[in-house]
Amino acid sequence: MLIVGRVVLGLGVGLASMVVPPYIAESSPAAYRGRLVTAFGATVTSGQFIASLVDGAFSTVHEGWRWMLGIATVPSVIMGLGMLLLPESARFLVQKGKIKEAEATLQKISGYDDVSVELREISETLNRETEYSSNGFLHMIREISRNVAVKRAMAIGCALQAFQQLGGINTVMYYSTTMIKMAGISNDSQAIWLSCIPSFMNATFALVSMAIIEKVSRRKLLLTTLLGTIIGLGLLGGAYFSISKTTALVNSTNSTCPGSDSIMNCDSCVSHSGCVFCSTDRSAEGRCILPTVLDNCTEPDMKYRVENVCYSPYSWTIIAAMVFYIAMFATGIGTLAWTINSEIYPMWVRGYALSVSTMTNWLFNLLIAFTFLDLTRILTKYGAFWLYTGLTVIGWIVFYFKLPETRGVPLERVEQLFLLIYRVFYTRRV
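An account of the accompanying structure is given in this report. All residue numbers here refer to positions counted from 1 along the written sequence of the relevant chain. With the structure being a predicted model, the display of local features is reserved for residues of pLDDT at least 70 and the display and counting of side-chain atom pairs for 80 or more, all residues being used for whole-chain, interface and lining totals. Note: side-chain values were computed over all heavy atoms of the structure, leaving out hydrogens and water.

## Some remarks on the overall build of the protein
Turning to step 1, where the next piece is worked out: Only DSSP runs of H or I reaching four residues or more are called helices, and only runs of E reaching two or more are called strands; each is numbered from the N terminus. Across its full length, the protein carries 21 helices and three strands.
Turning to step 2, where the next piece is worked out: The C-alpha extent of the protein, read off along each of the three principal axes, is 85 × 50 × 40 Å.
Turning to step 3, where the next piece is worked out: Under the scheme applied here, a residue whose accessible area is under 20% of the maximum for its type counts as buried, over 50% as exposed, and between as partly exposed, the area being computed with a 1.4 Å probe on protein chains only. The buried share of the protein, reckoned over its 430 residues, is 46%.
Turning to step 4, where the next piece is worked out: Excluding contacts between residues fewer than 6 apart, the proportion of contacts in the protein whose partners are at least 24 apart in sequence is 72%.
Turning to step 5, where the next piece is worked out: A total accessible area of about 21400 Å² is found for the protein, and carbon and sulfur atoms account for 65% of it.
Turning to step 6, where the next piece is worked out: Between the mean site of the 34 positive side-chain charges and the mean site of the 29 negative ones, the protein shows a separation of 7 Å. Note on contacts: a residue pair qualifies if any of its non-hydrogen atoms lie within 4.5 Å across the two residues. With residues, only the protein chains shown are counted as cover, and all accessible areas are computed by Shrake-Rupley using a 1.4 Å probe. Lys and Arg are tallied as positive, Asp and Glu as negative. Neither His nor the chain termini are counted. All charge positions are set by atom: Lys at NZ, Arg at CZ, Asp at CG, Glu at CD.

As structure tokens, this is what we get:
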């Protein structure tokens, strides 16, 4: 039942992440579109923070995980009821032939009585979309392959979603409790409460992004914060590197873990599958053993036993680096990937393009979540984050040369923008 529930939940979240940003974009004036689409990301991260508080509250309750899951039905019901009150977008109304209702919606959104230009542009793009879609899916693919602007827009949109995930954000969010325990916090409940910090920072700086997105260039904001994200990932790797070199030393003579001759300290000991570190004190020299009935670190003086986390005087640097990284990520690509994707596609291909970019996001989300723990074993903990650093550097280079400015560009005219993005001087000016 738990697996079935997660599958259904995954379908719901996937559909919402595809439908909500374009709905907001279609229903918003160009001057406020970025801020309102960014509000989508801000509310998602705020929900994650509230969920982490709920997790902390039930972390000491017997079978508290049941309550953690059950309480999530409350906001779901509220959202479902609220959706019944949502109006249709002007584009949808025009598509259904309800021109008067569409006109009233546009007048309400824009504040102007004369919206004939907007109505005409919507009608023209809908006619084009109908022409392509009525001829079938393969015809739509052929038209996309012939349209240089659409191909470039889809490449940028998918790259934004891919590099959002390749920056390791869901490694930090999904495994924040594990990472905090890696930093030396061994108490489960305490680690869960401390995991509220990255959730709070993610929500707070998503709100910061929402506040400033219409005041600054989308392109400049993305590139600047992406540099900060690169620095944050490098600092996370550096923090884990410092910890790996400053944990208690291992006495190889009394150790029984396979390959103990090459194990130098507590961190390298617990990185070996099945091995534990034990000593008289968290900073004292100890043994690295493979627990057995005869050797299970049970000597009276061996009071310090570690299976997955080791003490280091630099443990606090993990949380500090994590906070800086999340602040940069949430202000930039964490929200801008959705905002820019909602406004770079021509209306006739918008639904298909957004579904492809959303699928890209979730595929890379799965890839990163699925491989993180294996990467920490193969490349070490710091090596995994330095890999994410390198991937994000590649993303920054791609966006520097290929991403145009989209702030204030009407959705019906965005196709023209990508006809010129390969001219770097134009990209910088727009």
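## Things to note about the environment of Pro258
Turning to step 1, where the next piece is worked out: With respect to the helices, strands and loops of the structure, Pro258 is situated in the loop between helix H14 (218-246) and helix H15 (266-270).
Turning to step 2, where the next piece is worked out: Note: C-alpha distance between Pro258 and Asn308 (50 residues apart in sequence) is 17 Å.
Turning to step 3, where the next piece is worked out: Here Pro258 is in contact with Ile263, His272, Cys275 and Leu290, once residues within four sequence places are set aside.

## A few points about a nonpolar patch on the surface
Turning to step 1, where the next piece is worked out: To count toward a patch, a residue needs a relative accessible area over 30% and no salt bridge; like charges are then connected within 9 Å, while nonpolar side chains (Val, Leu, Ile, Met, Phe, Trp, Tyr) are connected within 5 Å. Salt bridge criterion: a side-chain nitrogen from Lys or Arg within 4 Å of a carboxyl oxygen from Asp or Glu. A contiguous nonpolar patch, built from Val61, Trp67, Ile71, Val74 and Ile78 and spanning about 470 Å² of accessible area, is present on the exposed surface.
Turning to step 2, where the next piece is worked out: Residue classification places Ile78 among the exposed residues on the basis of a relative accessible area of 57%.

## Things to note about the state of the cysteines
Turning to step 1, where the next piece is worked out: Only a pair of cysteine sulfur atoms within 2.5 Å counts as a disulfide in this structure description. The full count for this structure, using the stated rule, is three disulfides.
Turning to step 2, where the next piece is worked out: Each sulfur of the disulfide joining Cys257 and Cys275 lies 1.8 Å from the other. Residues Cys257 and Cys275 share a disulfide whose torsion about the S-S bond is about 75 degrees; that sign makes it right-handed. Here the residue Cys257 occupies a position in the loop between H14 and H15, and Cys275 occupies one in the loop between H15 and strand S1 (276-279), the gap between them amounting to 18 residues. Note on accessibility: Cys257 and Cys275 belong to one class, buried.
Turning to step 3, where the next piece is worked out: Covalently, Cys266 is tied to Cys310 through a disulfide, its sulfur atoms 2.0 Å apart. Residues Cys266 and Cys310 are joined through a disulfide that is left-handed, its torsion about the S-S bond being -80 degrees.

## Considering the side chain of Ser209
Turning to step 1, where the next piece is worked out: Structurally, the position occupied by Ser209 is in helix H13 (residues 196-212).
Turning to step 2, where the next piece is worked out: A relative accessible area of 0% places Ser209 in the buried class.
Turning to step 3, where the next piece is worked out: In contact with Ser209, other than residues within four places in its own chain, are Thr38, Leu221, Ala330, Thr331 and Thr335.

## A few points about the packing of H14 against helix H16 (residues 316-331)
Turning to step 1, where the next piece is worked out: For helices, the fitted line uses only the C-alpha atoms of the stretch in contact; every axis is such a line through C-alpha atoms, and the angle between N-to-C directions lies from 0 to 180 degrees. Two numbers describe how H14 lies on H16: the axes approach to 8 Å, and their chain directions differ by 165 degrees. What the angle tells us is that H14 and H16 run roughly antiparallel. Crossing of H14 against H16: the hand is left-handed. Here Leu221, Thr225, Gly228, Thr229, Ile231, Gly232, Leu233, Leu235, Leu236, Ala239, Tyr240 and Ile243 of H14 lie close against H16, whose contacting residues are Thr317, Ile318, Ala321, Met322, Phe324, Tyr325, Met328, Phe329 and Thr331. Note that the term roughly parallel is reserved for angles under 35 degrees, roughly antiparallel for angles over 145, roughly perpendicular for angles of 65 to 115, and oblique for everything else. The handedness criterion is simple: a crossing whose near helix is rotated anticlockwise from the far helix by less than a right angle is left-handed, and one whose near helix is rotated clockwise is right-handed.

## Section: the packing of helix H9 (residues 148-166) against helix H19 (residues 381-402)
Turning to step 1, where the next piece is worked out: Two numbers describe how H9 lies on H19: the axes approach to 9 Å, and their chain directions differ by 155 degrees. Here H19 runs roughly antiparallel to H9, going by the angle between their axes. Crossing of H9 over H19 shows left-handed handedness. Together, Ile156, Ala159, Leu160, Phe163 and Leu166 of H9 and Tyr388, Leu391, Thr392, Ile394, Gly395, Phe399 and Lys402 of H19 make up the contact between the two elements.

## A closer look at the pattern of salt bridges
Turning to step 1, where the next piece is worked out: Within the structure shown, the criterion is met by three salt bridges.
Turning to step 2, where the next piece is worked out: In this structure, the salt-bridge partner of Arg218 is Glu343, at a minimum N-O distance of 2.8 Å. With a gap of 125 residues between them, Arg218 in helix H14 and Glu343 in the loop between helix H17 (333-341) and helix H18 (350-378) connect regions that are remote in the sequence. Glu343 matches Arg218 in its accessibility class, with the two residues each being buried.

## Remarks on unusual backbone geometry
Turning to step 1, where the next piece is worked out: Despite not being glycine, Thr380 has its phi angle at roughly 75 degrees, a positive value.
Turning to step 2, where the next piece is worked out: Tracing the chain through its elements places Thr380 in the loop between H18 and H19.

Everything listed is a geometric property; what it means functionally is a separate question.
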